Amino acid sequence: MKQIAVIGSGTMGNGIAHVFAQAGFLVNLIDLNEVALKKGVETIEKNLERQVKKETLSKEQASDTLKRISPLTDLVSGVKNADLVVEAATENMDLKVKIFQQLCENSPAHTILATNTSSISITQIAAATKRSDKVIGMHFMNPVPVMKLVEVIRGYATSDETTQLIMKLSKDLGKIPVEVNDYPGFVANRILMPMINEAIITLNEGVAGVEEIDTVMKLGMAHPMGPLQLADFIGLDVCLAIMNVLHTGLGNPKYAPSPLLINMVTAGKKGVKSGEGFYNYANGLKDAPVAEKFK
């Protein structure tokens, strides 16, 4: 594989483009929104500068990495020569199906089509294409340039050849791939999201406050970040979307999202991205929560 296309220049998309380019691949970073695309490239530049300051990358390596990334607003031209496409658009089934239909129509027959979805069915996405054997999940962790794990998710029809290629490719990126099967939430979010949801339920029931819950999990369970702060970092809207996938896909009431989570997302309080979630980020830093909001 030489030519990679990444669909979506948001947090995950620009991170995925970054790691592929740093590993020596040519990358087309595609986003229909020019403003978002520009912001994505700027984020990559900042992250490369951070690596140079930490002396994990030379200035020349950072410059070469950036040169390998071509920002584009046209999907058709961006995927026409791709060996692999990684979709990192919004976590919405209808949108992903539409994108994969376009990818199937406009990319070469040999192109592997991967999705960075954190919970949506690979099998269902693949069914919208004419190459189900070449559709696979590549679930990178955030922040992509730092986190080592890649969940490699096999759909019902994903071939052994496709899976082996993506496992090897993930290792070439310096990642540690783990192969999992296609069930709601896969492994990471099947376990993580119910824990976050339970922390929100614990808060809503008045068992303890935001900082108290996070402190217990950090100091008592050796988590680097408390579940409520982590939810803010992930995005409360993303957490809600994944809980809905688990609840619908598994049909078990234990996966029902907390009413507090639903209310916060409805009110536009999505965490870091909106400036407020369980903590306040209005000044660019994490400030203490306003306790009355969670009673």
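Positions within a chain are numbered from 1, following the residues in the order the chain's sequence is written. Given that the model is predicted, a residue must reach a pLDDT of at least 70 before its local features are reported, and side-chain atom pairs must reach 80 or more before they are shown or counted; all residues, however, enter totals for whole chains, interfaces and linings. Processing note: side-chain calculations cover all non-hydrogen atoms of the structure and skip hydrogens and water entirely.

Asks: Please explain the pattern of salt bridges as it appears in this structure.
Replies: Any two side chains of opposite charge can pair, on the condition that their charged atoms come close. By definition, a salt bridge exists where a carboxyl oxygen of Asp or Glu is found within 4 Å of a side-chain nitrogen of Lys or Arg. Considering all chains together, one arrives at eight salt bridges under this definition. The partner of K134 in a salt bridge is D133, and the shortest N-O contact between them spans 3.5 Å. A 1.4 Å probe rolled over the protein chains alone gives each residue an accessible area, and that area as a share of the maximum for its type sets the label: buried under 20%, exposed over 50%, partly exposed in between. What makes K134 partly exposed here is its relative accessible area of 23%. D133 gets classed as partly exposed once you look at its relative accessible area, which sits at 32%. Residue E179 is joined to R154 by a salt bridge in which the shortest nitrogen-to-oxygen separation is 3.7 Å. Placement of E179 in strand 8 (residues 176–181) and of R154 in strand 7 (residues 149–154) is noted, with a sequence separation of 25 residues between them. On the basis of relative accessibility, which here comes to 41%, the residue E179 falls in the partly exposed class. Note on R154: relative accessible area 18%, which makes it buried. Salt bridges linked by common partners bring E87, E91 and K96 together as one network. Under the scheme used here, helices are H or I runs from DSSP no shorter than 4 residues and strands are E runs no shorter than 2 residues, and both carry numbers assigned from the N terminus.

Asks: Just to check I follow, could you spell out the nonpolar core for this structure?
Replies: By nonpolar core is meant a set of buried Ala, Val, Leu, Ile, Met, Phe, Trp, Tyr and Cys residues that side-chain atoms within 4.5 Å join together. Membership of the largest hydrophobic core comes to 33 residues, with the highest contact counts inside it found for F20, L84, M138 and F140. A per-element tally of this core places helix 1 (residues 11–22) first, with six residues. Contacts: residue pairs with any heavy atoms within 4.5 Å of one another. Setting aside chain neighbours within four positions, we find L84 in contact with M1, Q3, I4, A5, F20, T111, I112, A114, M138, I166 and L169. Judged by nonpolar contacts, the second largest core, of 25 residues, contains A199, I200, C239 and F294.

Asks: How should I be thinking about the sheet that holds strand 8 in this particular structure?
Replies: The strands that make up a sheet pair up through hydrogen bonds in the backbone, lying either parallel or antiparallel. Here the rule is simple: two strands pair whenever DSSP picks up at least two bridges between them. If you walk across this open sheet you meet the eight strands as 3-2-1-4-5-6-7-8, and the pairing is mixed. Each edge of the open sheet is held by one strand with a lone partner, namely strand 3 (69–72) and strand 8. Geometrically, the sheet is characterised by an average inter-axis angle of 25 degrees between neighbouring strands, direction not taken into account. Both strand 7 and strand 8 contribute to a ladder of six bridges, which runs parallel. Looking at strand 8, one finds that R154 is bridged to N181. Here an angle of 0 to 180 degrees is reported between the N-to-C directions of two axes, which are lines fitted to C-alpha atoms, with helices fitted over the stretch in contact. Of the strands in this sheet, strand 1 (3–7), strand 4 (84–87), strand 5 (112–115) and strand 6 (135–140) touch helix 5 (residues 93–106), which is tilted by about 165 degrees from strand 5.

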